[in-house]
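Residue strings, one per chain:
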Amino acid sequence: MFHRNYLGLEITRDGLRAVAIQRRGSGVGLSGGQTLKFSDGILVPSVVEPNVRNPERFVDAVREVLLPLAKKEKRIAVALPNAAGHLYLLDIDTPFKSHSEGLDIVRWKLKELLPPKLNRYAVDFQVLEERESDGKRILASVLAENVLTQYEELLSQAGYSPGLIDFQTFNMYNAYHARIELGTDFFLVGVDGSQFSLLAFENRLLDLCRTKTITENPEQIFQEINRSMVGYRRSHGSMSRTKIHLHTNWSQPEDLQEAVQAAFEKDVELLPSPLKSLPGSQRLNVIDADAKGMATALGVAERMIQRVSQ
């Protein structure tokens, strides 16, 4: 029986990660996965400047990583580096009935939050919580138009059509929450190469979202967590029951795990690769650290399935 491939592609400063998944009953199975390392200077994430510095080599890399997975599929879901744009956690009190109507309200809400240099931009959002009063909590993604246009044009040159473009952080979370019990109140710390993220959930709802580009230094992670947590600790009081989860693709994560534990003064669970629990995972011929690093590509591919089903 023919099953359609759903392709997820994560673009990072250091390279590409791609997965192909197929529907399997109420879940998904893994058709395959690929990674590719960039040489220096191909891509430099920026909020205001086009990110790809060597377009020809980038297009070749996209073809190389996707061709073994895609078969005849041309539609892809894409996760960009966090440093390519902005994420905003917003509470919207104005009711809206359609996605396009919601976009107008989100744009109005963002006017006072966006940096002045970002005057031409694209916006998308996900509804995280529907409230009885017609209010909503949403996560808005903001990307400069010239940054988005370059990615779209280069992916098209490679032969693929992006049906969904988002950032790394929340798609990394998507890959875990669908198959791992994270808890009711928890923190998810993501350290993926030079990308740091901190997500806090209260009653399973996103309550804090922080991202930053870092050096691969556990001491800096310790400092970033402490800075991010100053206000949050004041407003949330005791967090004795809050679980701490750590996602990382570092091949030797012991010092990193110790730094995160020191910052929270609590035990930290090092998360396994969500790909390893999928039917077909035996096809994934990569080292464990690379398998963990492919979580975001899985998460954004699953978002594509949800969007097609809507």
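In the block above lies the structure referred to throughout.
The paragraphs below set out a description of the structure included in this document.

Conventions adopted
Residues numbered from 1 in each chain as written. Predicted model: local features only at pLDDT ≥ 70, side-chain atom pairs only at ≥ 80, totals over all residues. Heavy atoms only, no water. Salt bridge = Lys/Arg side-chain N within 4 Å of Asp/Glu carboxyl O. Buried < 20%, exposed > 50% of the residue type's maximum accessible area, 1.4 Å probe, protein only. Pairing = 2+ DSSP bridges. Helix = DSSP H or I, 4+ residues; strand = E, 2+ residues; numbered from the N terminus. Axes fitted to C-alpha atoms, helices over the stretch in contact; angles between N-to-C directions. Contact = heavy atoms within 4.5 Å. Phe/Tyr/Trp six-rings, centres within 6.5 Å; stacked < 30°, edge-to-face > 60°. Lys NZ or Arg CZ within 6 Å of the ring centre and 35° of its normal. Arc of directions from axis to C-beta. Core = buried A, V, L, I, M, F, W, Y, C linked by side-chain atoms within 4.5 Å.

### Focus on the pattern of salt bridges
Logical step 1: Under the definition given, this model contains 17 salt bridges.
Logical step 2: Residue Arg17 pairs with Glu10 through a salt bridge whose shortest N-O separation is 2.9 Å.
Logical step 3: When its relative accessible area of 0% is taken as the criterion, Glu10 is described as buried.
Logical step 4: What you see here is one network of salt bridges that share partners, running through Asp91, Glu129, Arg131, Arg137 and Asp207.

### Remarks on the sheet that holds strand β6 (residues 121–130)
Logical step 1: Across the sheet, which stays open at both edges, the three strands sit in the order β5-β7-β6 with antiparallel pairing between neighbours. The strands lining the two open edges of the sheet, one partner per strand, are β5 (86–92) and β6. For this sheet, the mean inter-axis angle between neighbouring strands, taken without regard to orientation, is 25 degrees.
Logical step 2: The pairing of β6 with strand β7 (residues 136–144) spans nine bridges and is classified as antiparallel. The residue bridging Val123 from the neighbouring strand is Val142, located in β7.
Logical step 3: Contacting β6 and β7, helix α3 (residues 145–157) runs over the sheet at an angle of about 75 degrees to β7.

### Notes on the packing of aromatic side chains
Logical step 1: One pass over the structure, following the stated rule, counts eight aromatic pairs.
Logical step 2: An angle of 85 degrees between the planes, with centres 5.7 Å apart, marks the rings of Phe96 and Phe125 as edge-to-face. Pair noted here: Phe96 is in the loop between β5 and α2 (99–110) and Phe125 is in strand β6, with a separation of 29 residues, a long-range link. For the pair Phe96 and Phe125, one class covers both residues: buried.
Logical step 3: Here Phe187 and Tyr232 contribute two aromatic rings whose centre-to-centre distance is 5.6 Å and whose plane-to-plane angle is 70 degrees, an arrangement assigned as edge-to-face. Of this pair, Phe187 sits in strand β9 (residues 186–192) while Tyr232 sits in helix α5 (residues 218–236), and the two are 45 residues apart along the sequence.
Logical step 4: Accessibility expressed as a relative area gives 2% for Phe187, which makes it buried.
Logical step 5: Connected via pairs of aromatic rings, a cluster forms that spans Phe170, Tyr173, Phe186 and Phe201.
Logical step 6: Across from the ring centre of Tyr160, 5.3 Å away, lies the NZ or CZ of Lys74, which sits over that ring.

### Considering helix α6 (residues 254–264)
Quick reminder: α-helices carry 3.6 residues per turn. Residues three or four places apart thus point the same way.
Logical step 1: Every buried residue belonging to α6 is among Leu256, Gln257, Ala259, Val260, Ala263 and Phe264, and all of these are buried. Axial view of α6: buried residues confined to an arc of 160 degrees, hence all on one face. Opposite the buried face of α6, by more than 90 degrees, sit the exposed residues Glu254, Asp255 and Glu258.
Logical step 2: Buried residues belonging to α6 abut β9, β10 (195–202), α5, β12 (243–248) and β13 (269–270).

### A few points about the nonpolar core
Logical step 1: In this structure, Leu9, Ile11, Leu16 and Phe58 are the most contacted members of the largest nonpolar core, which totals 49 residues.
Logical step 2: Here this core gets eight residues from one element, more than from any other, and that element is helix α1 (residues 55–70).
Logical step 3: Among the nonpolar cores identified, the runner-up in size contains 36 residues, and Leu164, Leu182, Phe186 and Ala291 belong to it.

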